Amino acid sequence: PAVLSNLGVACQLEGRWDEALDLYERAKSESVKIGNNVNAAAVSFNIAEILIDRGEWESAEALLKESLPFWKASKYTFYLAQCLLMQGRMQLGSGRIDEALEHFDKFMDICRMQTHRRLVKHVQGPARGAAGKFLGKLDTLGFTTAQCGGGLPDLDVSQADFLQ
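Cut-off values and rules
Residues numbered from 1 in each chain as written. Predicted model: local features only at pLDDT ≥ 70, side-chain atom pairs only at ≥ 80, totals over all residues. Heavy atoms only, no water. Helix = DSSP H or I, 4+ residues; strand = E, 2+ residues; numbered from the N terminus. Buried < 20%, exposed > 50% of the residue type's maximum accessible area, 1.4 Å probe, protein only. Areas by Shrake-Rupley, 256 points an atom, 1.4 Å probe, with all protein chains shown as cover. Expected span 1.5 Å × (residues − 1). pLDDT = per-residue confidence, 0-100. Contact = heavy atoms within 4.5 Å.

**Student:** Which residues make up the overall build of the protein, and what are the values?
**Tutor:** Counting secondary structure elements, the protein contains eight helices and zero strands. Listing every helix and strand of the protein by position from the N terminus yields α-α-α-α-α-α-α-α. Within the protein, buried positions represent 40% of all 164 residues. For the protein, the accessible surface area stands at approximately 9,300 Å², while carbon and sulfur atoms represent 55% of it.

Given below as structure tokens:
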């Protein structure tokens with residue numbers, strides 16, 4: 001499964017999304033066959049990322065919702081945070097700003113929890129600063145949304161600025 005997944009990444013980076021999706025689906029299937037549910041769920045992120053980039057919001061959302069309970073029950077908080085971040089990205093792209101902000105807030109809650117739990121004192125300052133910058137962008141996005149009556153007139157530009 002790892003080779004299939006790595007080949008999928010290479011195809012995805014080259015913009016060969018159909019090939020990448022096929023390889024990811026095969027990697028996911030093989031992972032399930034050998035009982036590696038963590039890898040199967042992680043490969044779902046790669047699939048969802050392509051679906052999001054293609055604007056296939058409903059398919060991406062279904063895939064992310066399917067994997068969310070697994071990550072919540074697992075010890076892999078990084079992947080739980082990744083799932084919430086991707087859900088927010090998908091909702092932002094589909095114009096569901098309020099839902100996106102809720103997922104970004106949950107994502108940041110996990111980041112804060114992990115920062116307090118695991119990082120040593122000299123790392124907390126930079127991590128806290130990065131989280132503050134991230135939240136500042138969310139506040140700006142929320143303000144812009146409120147000013148536009150709940151929708152952004154130039155969503156692609158706002159999303160690009162946000163993702164940078």
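Further notes follow.
**Student:** Give a description of helix α5 (residues 77–93) that names residues and reports values.
**Tutor:** A rise of 1.5 Å per residue sets the reference length of α5, with its 17 residues, at 24 Å; its end C-alpha atoms lie 24 Å apart and thus fit the reference within 8%. The buried fraction of α5 is high, at 13 of 17 residues.

**Student:** Provide a residue-level description of the confidence of the model for the protein, including the pertinent values.
**Tutor:** Looking at the protein, pLDDT values average 79 and 70% of them are 70 or higher. Across the protein, the element-wise mean pLDDT spans from 39 in helix α8 (residues 155–163) up to 96 in helix α2 (residues 17–33). Long-range and interchain partners of residues 120–124, a stretch whose pLDDT sits below 50, account for three contacts in this model, where long-range means more than four residues apart. Under a pLDDT of 50 for its full length, residues 149–164 has, in the predicted model, 25 contacts with residues more than four places off or in other chains.

**Student:** Tell me about the environment of L84, and name the residues and values.
**Tutor:** Take L84: it is sitting in helix α5. Considering only alpha carbons, one finds L84 and M108, 24 residues apart in sequence, at a separation of 9.5 Å. For L84, the residues in contact, after removing those within four places along its chain, are L68, H103, K106, F107 and I110.

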